[in-house]
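Structure assessment
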Amino acid sequence: MFGSLIVRMMLAPKRGRAMAGVTFSAQWAMAALRCVHREPLLMSDLINADELAQMLSDPDLCVFDSSWYLPAEQRNPHDEFLQRRIPGAQFFDFDGAICRTDTDLPHMLPSVGEFQQHARRLGVTRSSRVVVYDTHGLFASPRAWWMFRSMGQRDCKVLNGGLPAWEARGLATQFGPPAEIAPGDFVAVLQSGWVIDTEQVLQATAHGDQRILDARPAGRFAGQEPEPRAGLRRGHMPGAQNLPSSELVRDGRLRDAPALKQAFATAARPDAPLIMTCGSGVTAAILALAAASCRSYDPDV
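Calculation rules
Residues numbered from 1 in each chain as written. Predicted model: local features only at pLDDT ≥ 70, side-chain atom pairs only at ≥ 80, totals over all residues. Heavy atoms only, no water. Buried < 20%, exposed > 50% of the residue type's maximum accessible area, 1.4 Å probe, protein only. Helix = DSSP H or I, 4+ residues; strand = E, 2+ residues; numbered from the N terminus. Arc of directions from axis to C-beta. Contact = heavy atoms within 4.5 Å. Axes fitted to C-alpha atoms, helices over the stretch in contact; angles between N-to-C directions. Left-handed = near helix turned anticlockwise from the far one by under 90°. Nonpolar A, V, L, I, M, F, W, Y, C, P; charged D, E, K, R; others polar. Pairing = 2+ DSSP bridges. Phe/Tyr/Trp six-rings, centres within 6.5 Å; stacked < 30°, edge-to-face > 60°. Lys NZ or Arg CZ within 6 Å of the ring centre and 35° of its normal. Core = buried A, V, L, I, M, F, W, Y, C linked by side-chain atoms within 4.5 Å.

Residues Phe 115, His 118 and Ala 119 constitute the buried set of helix 3 (residues 112-121). The buried residues of helix 3 occupy one face: seen down the axis, they fall within an arc of 100 degrees. Next to the buried residues of helix 3 lie helix 4 (141-150).

Structure below.
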């Protein structure tokens, strides 16, 4: 049976570290999942538009637009945030602000202190209930979800269907600069089980005791299509198996639990430790959210 879950994302690797034909660079960012048997929890990592609408008056609620686009889309998520957003939302910029600034690797997880500073600036408190969404429906928001969970924010949910689902329900939106908010007192505590480093990934590829799932499209996984960032090598890690994140999402929403379970059962045995990989750590988080949504898990294991 499906068991409990730890989500891990790879920390920024040392530049130029190579293994079996693969160079660690901006091409690789990881999320890893470990499963052991646990009783199911009642908590869900997803929320729908109607549920969120009923929560908007909650003073502990923090809503974040965490939209991000691939370079080829040539879209500015912050500009779009200013044009329309869920009422009361703040912009969660994991690509340009809430990320490491001492590396040229894209949107790497910031230090505990830096994340805490940003979260407090955005009004997150010790009692906050966090909801993240994006304008695609479900694409970049799982990355923000993982960041909050890795920093100890247990109550964090993803709006299934994102802004399109909100607007489809006829719910109101806002535009213009967001209102000023009081700083929060959130205390970030890195959950070590949710991050993984280069050496651990190298060991996994060498020993073969963990299943590596690559969330990129099949063409990029096979090296038949170029990477979206210039200068990145084609192909995949040794021993990896392809599970495109697009197969877990339908019409901007995460697929139902039976479909997700089938996808993971096809990719790996239910009790196998999993490593999720993608181009920069965004679509890997979709796999992480999907695994969390269809497995019984305890993020503290």
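Still more ground to cover, so stick around.
So, on to the packing of helix 8 (residues 257-267) against helix 9 (residues 283-294). With their axes 9 Å apart at the nearest point, helix 8 and helix 9 run at an angle of 115 degrees to one another. Judged by the twist between their axes, the crossing of helix 8 over helix 9 is left-handed. Side by side, helix 8 and helix 9 meet where Ala 257, Leu 260, Lys 261 and Phe 264 of the first sit next to Leu 287, Ala 290, Ala 291, Ser 293 and Cys 294 of the second. Looking at the contact of helix 8 with helix 9 residue by residue, the class counts come to seven nonpolar, one polar and one charged.

Turning our attention to the sheet that holds strand 7 (residues 90-91). The five strands lie next to each other as 5-9-8-6-7, forming an open sheet whose pairing is parallel. Each edge of the sheet is formed by a strand with only one pairing partner; in this case those strands are strand 5 (46-47) and strand 7.

Moving on, we come to the packing of aromatic side chains. The tally for this structure, following the rule as stated, stands at nine aromatic pairs. Ring plane angle 10 degrees and centroid distance 6.1 Å describe the contact between Trp 68 and Phe 139, whose orientation is recorded as stacked. Taken together, the positions of Trp 68 in the loop between strand 6 (61-65) and helix 2 (77-83) and Phe 139 in the loop between strand 8 (129-133) and helix 4 put the pair 71 residues apart, joining distant regions of the chain. Taken together, a centroid distance of 5.4 Å and an interplanar angle of 80 degrees make the contact between Phe 115 and Phe 148 edge-to-face. Of this pair, Phe 115 sits in helix 3 while Phe 148 is found in helix 4, placing the two residues 33 residues apart along the sequence. Taking the relative accessible area as the measure of exposure, Phe 148 reaches 0% and is therefore buried. Put simply, the rings of Phe 64, Phe 92, Phe 115, Phe 148 and Phe 186 touch in pairs and so form one group of aromatic residues. Here Arg 85 stacks its cationic end above the ring of Phe 81, 4.8 Å away from the centre of that ring.

So, about the nonpolar core. Phe 64, Phe 92, Phe 115, Val 132, Trp 145, Phe 148 and Phe 264 are the most contacted members of the largest nonpolar core, which has 52 residues in total. Secondary-structure elements contributing two or more residues to this core are strand 6, helix 3, strand 8, helix 4, strand 9 (156-159), helix 8, strand 15 (274-278) and helix 9. Sorting elements by how many residues they give to this core places helix 9 first, with nine residues. Ranked by size, the runner-up nonpolar core spans 15 residues in total, among them Phe 81, Ile 86, Tyr 133 and Leu 159.

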